[in-house]
Amino acid sequence: MSRFDIAIIGAGIAGASLAAALAPQMRVLLLEAEDRPGYHATGRSAAFWSETYGGPDVQPLTTASGPMLRAGGFLDPLGEVHIARRGDEAAVDTFLATFADSGVTLEPVDPRGRIPGLRDEWALGVHEPGCAYIDVAALHQHFLGEARRAGAVLHLSAGVTGLTRAAGAWTIDTQAGRFTADLLANAAGAWADAVAALAGAARIGIRAYRRTMVQLRTDPAPPAGCPLVSDLGGSFYFKPEAGGRLWLTPHDEIDSPPCDAAPEEIDIAIAIDRFERAVDWRVAALEHRWAGLRSFAPDRRPVYGPDPAVPGFFWCAGQGGFGIQTAPAAAGLAAAAILGTAAEFDIDPARYLPARFLDAKA
Ligand SMILES: Cc1cc2nc3c(=O)[nH]c(=O)nc-3n(C[C@H](O)[C@H](O)[C@H](O)COP(=O)(O)OP(=O)(O)OC[C@H]3O[C@@H](n4cnc5c(N)ncnc54)[C@H](O)[C@@H]3O)c2cc1C
């Protein structure tokens, strides 16, 4: 088959979930530049589902994704405690007020009772019991499998190098050959603006920011039942992992060109310093380190829907630090925009449309 109804560019979680949503009704081509899907942001996440993460504009997408993720067995209980220092009562109040009408369960707590070894100054906390681990690899494979079973075709090592539209169809030049499709979906993560430029669409201003993660062993190991511990001030979070390990980030956001992101020593040192200021656990071993790019639109809201100026070009971009936990609902919104159907989720699609940045003029 050489002509497709839609070509989706990028086979990370965004492209894979969109392919799974569309393939039952369309002939779908999924094009990935790397030799395996999920090599970039999708394969580098911290792997949690937190309804408050990303703020109130993202929470409806995360919450709406919960039932599918739970039913599929992709979530495991974790819980989250957002912590703040004594004196930061206003930050706690603002956080609680932000989500007061959201339906997300949030309970003020003294975090020191839940996290043995937390230094005394971290006296304020909010418990988010619904926070969960996400099995990212299984979810990504699930979407790719659903898409394939419904007839979607995936090409790896197929970086898109040229896009031209004539007579209502796109000609797509890739490193794996030329393809034709009626529609295009841009799920290229950090490269979303570059793909838009290839299609003759205006750039939205999607920017990529590097985030560093480290895997540690600590003495003592995180206690049984340790939750995800997040600084409400946004300077670190850490999360218990199997085998008594812990994942830690300094919550960095370093402006980066789209690339194969790698961690830098300074960010690892900052992470450990912030960790040791939060708990009295000793860092016994630094086992693993990695970094990935989180890509944001200028208003930090994701971008789903048709380009207002270029016919047949759809955006599925700007998933920031929440592209895994929002994938089911986001794919539903993007698929509804492409198919011209009503979204199955009770979410206003208008706030995610690319038209908020782009002129309707070509
Ligand atoms: C350190 C870190 C921690 C995170 N933690 C979480 C978390 O706990 N929970 C959560 O929900 N989210 C988390 N995120 C965010 C999440 O990983 C991203 O939002 C999500 O993976 C974005 O998916 P994507 O498919 O848009 O991007 P990507 O996974 O980057 O996929 C885009 C793909 O497009 C391909 N591509 C680009 N240009 C072309 C081209 N021209 N032709 C063909 N293919 C192309 C790329 O090769 C890439 O594979 C985290 C991210 C990072 C970096």
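Everything here concerns the structure above.
Here goes a summary of the coordinates provided. Since we're looking at a predicted model, the values are computed, not measured.

**Here we look at the overall build of the chain**
Within the chain one finds seven helices and 20 strands. Whereas a compact globule of 362 residues would reach a radius of gyration of roughly 21 Å, the chain reaches 21 Å, a difference of no more than 12%. For the chain, the spread of C-alpha atoms along the principal axes amounts to about 70 × 40 × 35 Å. The burial tally for the chain puts 53% of its 362 residues in the buried class. Here the analysis covers contacts within the chain between residues at least 6 apart in sequence; of these, 73% occur between residues at least 24 apart. As displayed, the chain offers around 14700 Å² of accessible surface, 51% of which is attributable to carbon and sulfur atoms. Taking the average location of the 31 positive side-chain charges in the chain and that of its 42 negative ones, the two points are 4 Å from each other.

**Notes on empty space enclosed by the protein**
Using the criterion set out here, one finds one cavity of 30 Å³ or more in the structure. For the lining of the largest cavity, the elements supplying multiple residues, two or more each, are α1 (13-22) and α7 (327-339). Classifying every residue of the lining of the largest cavity by side-chain character gives seven nonpolar, four polar and no charged.

**Overview of the site of the ligand**
Neighbouring the ligand are 37 residues, the closest being E32, T42, V160, G320 and Q325. The separation between an oxygen atom of the ligand and a polar main-chain atom of A41 is 3.2 Å. A distance of 2.7 Å separates an oxygen atom of the ligand from a polar atom in the backbone of Q325. Out of a free accessible area of 1000 Å², the ligand has 96% covered by protein chains.

**Some remarks on the layout of surface pockets**
Its boundaries defined by the atoms lining it, the second largest pocket holds a volume of some 460 Å³. In this structure, the second largest pocket is lined by 24 residues; those nearest its centre are T52, Y53, G54, G55 and H251. Per-element tally for the lining of the second largest pocket: the top contributor is helix α3 (residues 89-98), with four residues. Grouping the amino acids of the lining of the second largest pocket by side-chain chemistry returns nine nonpolar, 10 polar and five charged.

**Remarks on the pattern of salt bridges**
In this structure the tally under the stated criterion is 25 salt bridges. The residue D110 makes a salt bridge to R112 at a minimum N-O spacing of 2.8 Å. According to the relative accessible area criterion, D110 is partly exposed, its value standing at 37%. Here R112 falls in the partly exposed class, since its relative accessible area comes to 27%. Note that D173 is salt-bridged to R178, the shortest N-O span being 2.7 Å. Judged by relative accessible area, D173 falls into the partly exposed class, the value being 23%. You can call R178 exposed: its relative accessible area is 59%. The network of salt bridges with shared partners includes D57, D299, R301, R351 and R356.

**Describing the pairing of strand β7 (residues 124-128)**
Counting buried residues along β7, five of its five residues qualify, which places the element largely inside the surrounding structure. Relative to β7, strand β5 (residues 80-84) runs antiparallel, the two sharing five bridges. Residue pairing across strands places V81 opposite H127, the latter belonging to β7.

**Some thoughts on the packing of aromatic side chains**
Following the criterion strictly, the structure yields 15 aromatic pairs and no others. Centre to centre, the rings of F238 and F275 are 5.1 Å apart; their planes meet at 85°, and the pair counts as edge-to-face. Pair noted here: F238 is in strand β15 (residues 237-241) and F275 is in helix α6 (residues 265-278), with a separation of 37 residues, a long-range link. For the residue pair F238 and F275, the accessibility class agrees, reading buried in each case. The positively charged end of R44 is found above the aromatic ring belonging to Y39, 4.9 Å away from the centroid.

**What to know about the sheet that holds strand β3 (residues 48-49)**
In a beta sheet, neighbouring strands pair by backbone hydrogen bonds and run either parallel or antiparallel. Strand order in the open sheet formed by three strands is β3-β8-β4, and the pairing between neighbours is antiparallel. Among the strands making up the open sheet, the edge pair consists of β3 and β4 (75-77). By the bridge criterion, two bridges tie β3 to strand β8 (residues 132-134) in an arrangement that is antiparallel. Residue W49 lies in a different strand from β8, and its bridge partner there is A132.

**A short note on the nonpolar core**
Counting residues in each nonpolar core, the largest one holds 55 residues, and the members touching the most others are I8, L18, L22 and V28. Not counting residues up to four positions away in its chain, the partners in contact with I8 are G15, L18, A19, L22, V28, L29, L30, L31, A185 and A187. Counting residues in hydrophobic clusters, the runner-up holds 28 residues, among them A7, L29, L31 and L163.

What counts as what
- Residues numbered from 1 in each chain as written.
- Predicted model: local features only at pLDDT ≥ 70, side-chain atom pairs only at ≥ 80, totals over all residues.
- Heavy atoms only, no water.
- Helix = DSSP H or I, 4+ residues; strand = E, 2+ residues; numbered from the N terminus.
- Rg over C-alpha atoms; globule rule 2.2 N^0.38 Å.
- Buried < 20%, exposed > 50% of the residue type's maximum accessible area, 1.4 Å probe, protein only.
- Contact = heavy atoms within 4.5 Å.
- Areas by Shrake-Rupley, 256 points an atom, 1.4 Å probe, with all protein chains shown as cover.
- Lys, Arg positive; Asp, Glu negative; His and termini not counted.
- Charge placed at Lys NZ, Arg CZ, Asp CG, Glu CD.
- 1 Å grid on protein atoms, 1.4 Å probe; cavity = no way out; pocket = protein on both sides within 12 Å on 5 of 7 lines; lining within 4 Å.
- Points joined across faces, edges and corners; volume = space filled by probe spheres on them.
- Nonpolar A, V, L, I, M, F, W, Y, C, P; charged D, E, K, R; others polar.
- Near = heavy atom within 4 Å.
- Polar contact = N/O pair within 3.5 Å; in protein donor to acceptor, adjacent residues only side chain to side chain.
- Salt bridge = Lys/Arg side-chain N within 4 Å of Asp/Glu carboxyl O.
- Pairing = 2+ DSSP bridges.
- Phe/Tyr/Trp six-rings, centres within 6.5 Å; stacked < 30°, edge-to-face > 60°.
- Lys NZ or Arg CZ within 6 Å of the ring centre and 35° of its normal.
- Core = buried A, V, L, I, M, F, W, Y, C linked by side-chain atoms within 4.5 Å.

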